[in-house]
Amino acid sequence: MTAVEQRPARAGRPRRAGRAVAVRTSLTAWLGRPLADFHLLLAIFGMLTAIGLIMVLSASAPDAVAVGESAYSVFKKQLLYVGVGAVIFLVVLRVPLRAVRHGSTMAMLVSVILLGLVLTPLGTSIYGAQSWFKVGPVSFQPIEPAKLALALWGAHVLVTKRALLNQYRHLLVPVVPVALLLFALVMLQPDLTGTITLGVVLMSLLWFVGAPMRLFGVLVIAAVSGAVVLAITAAYRLDRLQSFLNPEDDPTGGGLQATQALYALAEGGFFGKGLTNGSSKWRYLPNVHSDFIFAVIGEELGFIGCLLVLGLFGLLAVVGLRIAARNTDPWIRMVSATLTVWLVAQAAINIGYVVQLLPVTGITLPMISSGGTSVVTTMVVFAILASCARHEPEAVAALRSLGPGRVGGVLKLPAPEAYKPPPRRRPSRPSTPPRGRKAAPPPVDERRMAGRHAPPSEYRRRESRKAGQDRDVRSRRRDGR
């Protein structure tokens, strides 16, 4: 009986293994399709947008009612910005990446001008930082497009100078000085969160261009030193640092947000309390619909909801870096990798301070936290990443030979252009050999060496042998006489 009963169990194991192999094979085959990255990116974009709208509505309604406004006031603003971002998303998706690259210099110039103008009386101070332009109910924060402009323009400059990047002056100038100018303008507002994300973009550009590791060591030391100086010179930053190290010392003051965020995550448990059933948004946790919306996700959707959000950003990291690896255009490779690291790092910092692994910085969770300029800029970033996915060599070949496909047909997207390497320029003067290497000898001009219209070397060897044979024949004749 024991042997008979064990037969079905043993037979079931190969079936399970066969199913696992079949699933893995089909998944590998699907990921090998030309437009797999494009479709995955659109799915991530759609899910993050839907989760963001739902959670903004759930988190903002109690606070809006408490101040005498409609429960849908914040949600309506967020929905309006998402609609504007969706239109811009479709427009950017149709713009050729060549035009985006050529317009990056002007975008960088406009960003610097706007960051300077926001410090004048034209700017508006909100939460102690003069970082906004406000016209009626609409507000605009210029630091958000400045991050995107730095990524696009920095990649353009570094790719253009890639043959000279073994020299520090070409590697650092003009990207690092312009980035330092942006840091200075942002810190004058002051806006520490914008400075951090700009630093992430700059470090990503230098990393993906292949800068030496000692340069990153110098930058990290400079960043830590600057953070210490800024924390000491500003009392509120020092309070944030102290509340991060010891939140229990002031649970109703500086440590309120960190403590209440942990309470919200703990109350959520594994499955959560359910949408709209959370208690932290009832004025227990400040800025709950923007900075600390991940705490509401953990309370209402539980560990499952948090795991879903983490999985989406993890999948975004994989897909974005896969797009960079599968492209051949060096500018597209650098842009897609830099934008991916920017979004994922911003999400990691936000989640990090919600779970009390990092000090509170006020960085929003991309596509989920409320904020008009942030969500529109993030949607533009997704549009550029989607366009980069459509410029993969296999995707270009498929779209040009088989048509735009279902998604491209619905969105009426034009066929992307194949990457053409720029022609090599001839140097205006002979280039000097690198130091430490001997110059190669000049090629031998056989015609000049032979003193005539120069037969090849083999022909010359035959001629010399024939001449030698003729001399031998003459000498024998002489000897015979």
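Check the entry above for the structure.
The following paragraphs examine the structure supplied in this document. (Residues numbered from 1 in each chain as written. Predicted model: local features only at pLDDT ≥ 70, side-chain atom pairs only at ≥ 80, totals over all residues. Heavy atoms only, no water.)

## Some remarks on helix H2 (residues 36–66)
Condition: Only DSSP runs of H or I with at least four residues qualify as helices, and only runs of E with at least two residues qualify as strands; both kinds are numbered from the N terminus onward. To estimate how far a helix should extend, the number of its residues minus one is multiplied by 1.5 Å. What we call the bend at a residue is the angle made by axes fitted to the seven residues finishing there and the seven residues starting there.
With 31 residues, H2 ought to run about 45 Å at 1.5 Å a step, and its terminal C-alpha atoms sit 46 Å apart, in line with that. The principal kink in H2, of about 40°, is found at Ser-60, preceding the proline Pro-62 by one to four residues. Two residues or fewer past H2, Gly-68 is found with a positive phi of approximately 90°.

## Considering the environment of Arg-101
In plain terms, the rule: Any two residues whose heavy atoms approach within 4.5 Å at even a single point are treated as in contact.
Relative to the assigned elements, Arg-101 resides in helix H4 (residues 97–102). Counting along the chain gives 234 residues from Arg-101 to Val-335, while the straight-line C-alpha distance between them is 9.8 Å. Excluding its chain neighbours within four sequence positions, the residues that come into contact with Arg-101 are His-156, Val-159, Thr-160 and Trp-331.

## Side note on the pairing of strand S2 (residues 129–135)
Our working definition: When DSSP finds two or more bridges between a pair of strands, those strands are recorded as paired.
As defined by bridge partners, strand S1 (residues 124–126) adjoins S2 across three bridges and the pair is classed as antiparallel. If you follow Thr-124 over to S2, its bridge partner there is Trp-132. The turn linking S1 back onto S2 is made up of two residues, and Tyr-127 within it adopts a positive phi angle of 55°. Note: S2 against strand S3 (residues 138–140), three bridges, orientation antiparallel. Within S3, the residue paired with Phe-133 across the bridge is Phe-140. From the end of S2 to the start of S3, which pair antiparallel, there are two residues, and Gly-136 there has a positive phi angle of about 65°.

## A look at the nonpolar core
Here is the rule we go by: For this analysis, a nonpolar core means a set of buried residues of the types Ala, Val, Leu, Ile, Met, Phe, Trp, Tyr and Cys, connected via side-chain atoms within 4.5 Å. Only protein chains enter the area calculation, which uses a 1.4 Å probe; residues under 20% of their type maximum are buried, those over 50% are exposed, and those in between are partly exposed.
Residues Trp-331, Leu-339, Leu-365, Ile-368, Phe-382 and Ile-384 are the most contacted members of the largest nonpolar core, which totals 100 residues. Filtering out sequence-adjacent residues up to four positions away, Ile-368 remains in contact with Leu-48, Ile-51, Gly-52, Val-56, Ile-293, Ile-297, Val-309 and Phe-313.

## Some thoughts on the packing of helix H6 (residues 143–160) against helix H9 (residues 192–208)
Counted only if it meets this: Angles shown run from 0 to 180 degrees and are taken between the N-to-C directions of axes, each axis being a line fitted to C-alpha atoms and, for helices, limited to the stretch in contact. Oblique is the label for any angle not covered by the other classes, which are roughly parallel (under 35 degrees), roughly antiparallel (over 145) and roughly perpendicular (65 to 115). In this scheme the crossing of two helices becomes right-handed for a clockwise turn of the near helix relative to the far one and left-handed for an anticlockwise turn of less than a right angle. Each residue is assigned to one class: nonpolar for Ala, Val, Leu, Ile, Met, Phe, Trp, Tyr, Cys and Pro, charged for Asp, Glu, Lys and Arg, and polar for all the others, Gly among them.
Two elements in contact, H6 and H9, have axes whose closest approach is 10 Å; the angle formed by their N-to-C orientations is 15°. Between H6 and H9, the interaxial angle falls into the category roughly parallel. Like other packed secondary-structure pairs, H6 and H9 cross with a definite hand, here right-handed. The residues of H9 that touch H6, namely those facing Ile-143, Ala-146, Lys-147, Leu-150, Ala-151, Gly-154, Ala-155 and Leu-158, are Gly-194, Thr-197, Leu-198, Val-201 and Leu-205. Each residue belonging to the contact of H6 with H9 can be placed in one class, and the counts come to nine nonpolar, three polar and one charged.

## What to know about the environment of Val-201
By the element assignment, Val-201 lies in helix H9. Judged by its relative accessible area of 0%, Val-201 is buried. Expressed as a C-alpha distance, the spacing of Val-201 and Leu-150, which sit 51 residues apart in the sequence, is 7.4 Å. Apart from residues lying up to four places away in sequence, Val-201 is in contact with Lys-147, Leu-150, Ala-151, Thr-338 and Trp-342.

## What to know about the side chain of Glu-144
Counted only if it meets this: As used in this structure description, the phrase polar contact means that two N or O atoms lie within 3.5 Å; if the pair is within protein, one of them must be able to donate a hydrogen and the other to accept it, and residues adjacent in sequence are counted only when both atoms belong to side chains.
The topology assignment puts Glu-144 in helix H6. Of the polar contacts made by the side chain of Glu-144, one reaches the side chain of Lys-147; its length is 3.2 Å. If sequence neighbours within four positions are ignored, Glu-144 has contacts with Trp-342, Thr-373, Ser-374 and Thr-377.

## Considering a positive patch on the surface
So the rule is basically this: A patch consists of residues whose relative accessible area exceeds 30% and which take part in no salt bridge; residues with like charges are grouped when within 9 Å of each other, and nonpolar side chains (Val, Leu, Ile, Met, Phe, Trp, Tyr) when within 5 Å. Working definition of accessibility: Shrake-Rupley area with a 1.4 Å probe, residue cover restricted to the visible protein chains. The salt bridge definition used is simple: a Lys or Arg side-chain nitrogen within 4 Å of an Asp or Glu carboxyl oxygen. Asp and Glu are treated as the negative residues and Lys and Arg as the positive ones, with His and the ends of the chain left uncounted. The atoms used to mark charge sites are NZ of Lys, CZ of Arg, CG of Asp and CD of Glu.
The grouping of Arg-471, Arg-474, Arg-477 and Arg-478 at the surface amounts to a positive patch. One can find Arg-474 in helix H19 (residues 457–480).

## Focus on a negative patch on the surface
Together, Asp-239, Glu-248, Asp-249 and Asp-250 line one region of the surface with negative charge. Here Asp-239 lies in helix H11 (residues 235–245). What makes Asp-239 partly exposed here is its relative accessible area of 44%.

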